[in-house]
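As a plain string of letters, each chain reads:
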Amino acid sequence: MDNSYIIAIDFGTAYSGYAFSLTKREAETEPRLKYWGQQVSLRTPKTPTCILFDEHEKFLSFGYEAQSAYFRTRGDEARKKFFFECFKMSLYGKKLNSDVTIEAANGRSMKALKVFTEALRYLKEDALKFISENAGGKQFIASDFTWVVTVPAIWDPSAKQFMREAATQAGIVTPGKEDRLVIALEPEAASVWCKKLPADGFETENNTGVALKLALGTQYIVVDCGGGTIDITVHEVLEGGALKELHKASGNDLGGQTVDNKFKEFLREIFSDSLWDAYEKEQPGELQKLMYDISVLKENDDDVEISCPYNLGEMANKKQKMEKFFESVRGVSWNQGSIKILKEKVRSFYADSLNGITKSLKEILKKDFTIKYILLVGGYAQSLILRQHITNQFGGQCKVLCPSHPQEAIMKGAVMFGRNPALVASRISAFTYGVSLSLRFDASKHRADKKYTNKEGEWCDGIFCVLVKENEEVGWDKTSEYSCTPIERDQTAITFAFYRTERNIQGLMYVDEWGVEKIGSIILESPDTARGMNREIKLQIKFGATEMTATAIDVDSGSTVKTELDFMAKSMRSIRNNVWQK
């Protein structure tokens, strides 16, 4: 993997793009990007995360192209098409499986896996084409590269598995070559890139020329301010330059989209619920154009003037004179075809998002760390209001810095991470993880309702066996090994069911207690039953990488099954344990 070519796809909530490197590890140069938006007279490092399908769910376009096509589409025609934007947030905070659906702008739904697969397929094909054009016409195929796909650190494991499944269906990797796809955590990738930047590659709000000096032992926070999520990680620089996570990933869903939605709520307040509902239904393309214009305005801290879209103006004028809509609403006025919103009102749209970031950072800063810097990255970090707020809140405790191109940090860092995952040497476990086992039933210790009997005797079902504890430090490539045996002598398949919890585990005994959640399972075939219940089954798990992987080994037969834990099972029903620890 070290010497392969790398393509990193930063699949963001609001914007997506990719970076790549065609150099060997020893000759590392800065990753290269594609710049987007030529067809709309722009040059941006990412393109809007928008995708358009026809009425038969056939893929049409992605990014600026999809956005432009949909904006031009009139009422009836627009209502037939499936237009999705910011759809990545449909994965946030949810247990996912392959049948989950998401709603398009026309109110109809499609399978989320298809939407994500087609988006990744487009980005894959565009990257291969762009790289070939810029490499003297040399042709590349997907298997020439190690691919990196970025995800928020605070995502559920099922969402990470969902992205891997979509990437596989998109042809990014093929069966048997799964290791050529690396899942990178967004704030970690940004941290890796920021660490490499020259001292003067950052901006400060008061332009004091503060430089970033990440010497051995330096502790710092990275706040990835995305369109959907705020994703926070805390790192310390180790000897040799690798990074160690100090605090489990934290954050929330109060990214830049929260501000866009406040703008939309305010427009609804101005024009009334009934008119706005009709506008959303009849003019979805025009509304999307309006929301895009609003999202671009987030970078400034000033009064905002939005040109009133034609159809919204027509619909409003049929009800009453336009000026009338603005008479009873504070902080806004009608100005010759434009909606003018005062700076103070605009700032109020940021309140929920900024309060959420402030709360998360205060939680970290009251811990026993010595934080020297807060680094703000991601597209939303381009907002002057956000940067000023964080500086005002925390500038007295540590230095608040933002790279000159905050939107590029994740993509470029993901290329470096894909080449060398050891750049993040250890992580903090976000949960206590355990496996469900059976023990010989002991009436003095075990609940009566957990007792069951087979031909080998009486057993207690559903014991929570701790594998790793919450807040425990785990090395990125450290393998934890556990040993167990079957509970029946002629048993030929072993099922391991995995659980997690955030509760205090003192006194926790069973997997069906409050606060314990099933997360996945694996099955190992054990065909050689000659030694009956004396067969040894080894379970090896990696907790410290960006994805949890498990290897089950049937020692007697020598068979080994390496598998990703299945976090996307449609049914998470209880499975009776068929392994035990002596």
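All figures in this text were calculated on a predicted structure; none of them were measured in a lab.

**Q** What should I look at first to understand the overall build of the chain in this one?
**A** Each helix and strand in the chain was counted, giving 14 helices and 32 strands. Relative to the 2.2 N^0.38 estimate, which gives 25 Å for 582 residues, the radius of gyration of the chain is 26 Å and therefore close to what a compact globule would have. Considered along the principal axes of its C-alpha atoms, the chain spans approximately 85 × 55 × 50 Å. Residues classed as buried in the chain amount to 56% of the 582 residues present. Across the chain, every contact between residues at least 6 apart in sequence was considered, and the portion connecting residues at least 24 apart equals 72%. For the chain, the accessible area works out to roughly 25,000 Å², and carbon and sulfur atoms hold 46% of it. Both charge centroids of the chain, one from 77 positive and one from 80 negative side chains, sit 0 Å from each other.

**Q** Could you clarify how one ought to interpret the domain arrangement of the chain in this entry?
**A** Often, the extent of an interface is quoted as the loss of accessible area on bringing the components together. Domain assignment breaks the chain into domain 1 (256–347) and domain 2 (431–579). When each unit is reduced to the centre of its C-alpha atoms, the spacing between domain 1 and domain 2 is 55 Å.

**Q** Hey, could you run me through the pattern of salt bridges in this one?
**A** One side chain can pair with another of opposite charge once the charged atoms of both are near each other. Summed over the entire model, instances satisfying the criterion amount to 35 salt bridges. One salt bridge in this structure joins Arg-268 and Glu-280, with 3.5 Å as the shortest N-O distance. One end of the pair, Arg-268, is in helix α6 (residues 256–271); the other, Glu-280, is in helix α7 (residues 273–282), with twelve residues separating them in the sequence. Residue class for Arg-268 comes out partly exposed when judged on its relative accessible area of 23%. Exposure remark for Glu-280: the relative accessible area of 26% places this residue in the partly exposed category. The partner of Arg-503 in a salt bridge is Glu-513, and the shortest N-O contact between them spans 3.3 Å. With Arg-503 in the loop between β27 (493–501) and β28 (516–525) and Glu-513 in the loop between β27 and β28, the pair connects residues that are ten residues apart, well separated along the chain. Note on Glu-513: relative accessible area 18%, which makes it buried.

**Q** Looking at this model, I keep getting lost on the pairing of strand β19 (residues 371–377). Mind explaining?
**A** Looking along a regular strand, one sees side chains alternate from face to face of the sheet. β19 sits mainly inside the fold: six of its seven residues count as buried. By the bridge criterion, three bridges tie β19 to strand β20 (residues 399–403) in an arrangement that is parallel. Bridge pairing in β20 places Leu-375 opposite Leu-401. You can see the chain leave β19, run along helix α13 (residues 384–394) and come back into β20, and the turn it takes is right-handed.

**Q** Looking at this model, I keep getting lost on the sheet that holds strand β6 (residues 59–62). Mind explaining?
**A** The strands that make up a sheet pair up through hydrogen bonds in the backbone, lying either parallel or antiparallel. Within the open sheet, the three strands sit side by side as β6-β5-β7. Their pairing is antiparallel. Because the sheet does not close on itself, it has two edges, and the strands there are β6 and β7 (82–85). Between one strand and the next, the sheet's axes are offset by a mean angle of 15°, whatever the strand orientation. Pairing of strand β5 (residues 50–53) with β6, which is carried by three bridges, proceeds in the antiparallel orientation. Within β6, the position partnered with Phe-53 by the bridge is Phe-59.

**Q** I tried to follow the packing of aromatic side chains on my own but got confused; where do I start?
**A** Working definition: an aromatic ring pair is given by the centre-to-centre distance plus the angle between the planes. In the structure shown here, the tally under the stated rule is 25 aromatic pairs. Ring plane angle 85° and centroid distance 6.1 Å describe the contact between Phe-53 and Phe-84, whose orientation is recorded as edge-to-face. Of this pair, Phe-53 sits in strand β5 while Phe-84 sits in strand β7, and the two are 31 residues apart along the sequence. An identical accessibility class is assigned to Phe-53 and Phe-84; each is buried. The ring of Tyr-35 carries Arg-43 above its face, with NZ or CZ at 3.9 Å from the centroid.

**Q** I tried to follow the sheet that holds strand β25 (residues 473–475) on my own but got confused; where do I start?
**A** Pairing in this open sheet of eight strands is mixed, and the strands run β12-β20-β19-β13-β14-β15-β21-β25 from one edge to the other. Each of the sheet's edge strands pairs with one partner strand only, and the pair in question is β12 (202–203) and β25. Note: β12 against β20, two bridges, orientation antiparallel. Looking at the pairing, Glu-203 lines up with Cys-402 of β20. Each of β13 (219–225), β14 (230–237), β15 (243–252) and β19 is contacted by helix α12 (residues 351–365), which is oriented at about 145° to β15, the strand it contacts most.

**Q** Help me out: how do you make sense of the pairing of strand β30 (residues 549–554) in this one?
**A** By the criterion of burial, β30 is predominantly enclosed, with six of the six residues buried. Residues Thr-549, Thr-551 and Ile-553 of β30 are buried on one face, and the alternating residues Ala-550, Ala-552 and Asp-554, pointing to the opposite face, are buried as well.

How each quantity is defined
- Residues numbered from 1 in each chain as written.
- Predicted model: local features only at pLDDT ≥ 70, side-chain atom pairs only at ≥ 80, totals over all residues.
- Heavy atoms only, no water.
- Helix = DSSP H or I, 4+ residues; strand = E, 2+ residues; numbered from the N terminus.
- Rg over C-alpha atoms; globule rule 2.2 N^0.38 Å.
- Buried < 20%, exposed > 50% of the residue type's maximum accessible area, 1.4 Å probe, protein only.
- Contact = heavy atoms within 4.5 Å.
- Areas by Shrake-Rupley, 256 points an atom, 1.4 Å probe, with all protein chains shown as cover.
- Lys, Arg positive; Asp, Glu negative; His and termini not counted.
- Charge placed at Lys NZ, Arg CZ, Asp CG, Glu CD.
- Domains from an automatic or database assignment.
- Salt bridge = Lys/Arg side-chain N within 4 Å of Asp/Glu carboxyl O.
- Pairing = 2+ DSSP bridges.
- Right-handed = clockwise from strand over helix to strand, strands pointing away.
- Axes fitted to C-alpha atoms, helices over the stretch in contact; angles between N-to-C directions.
- Phe/Tyr/Trp six-rings, centres within 6.5 Å; stacked < 30°, edge-to-face > 60°.
- Lys NZ or Arg CZ within 6 Å of the ring centre and 35° of its normal.

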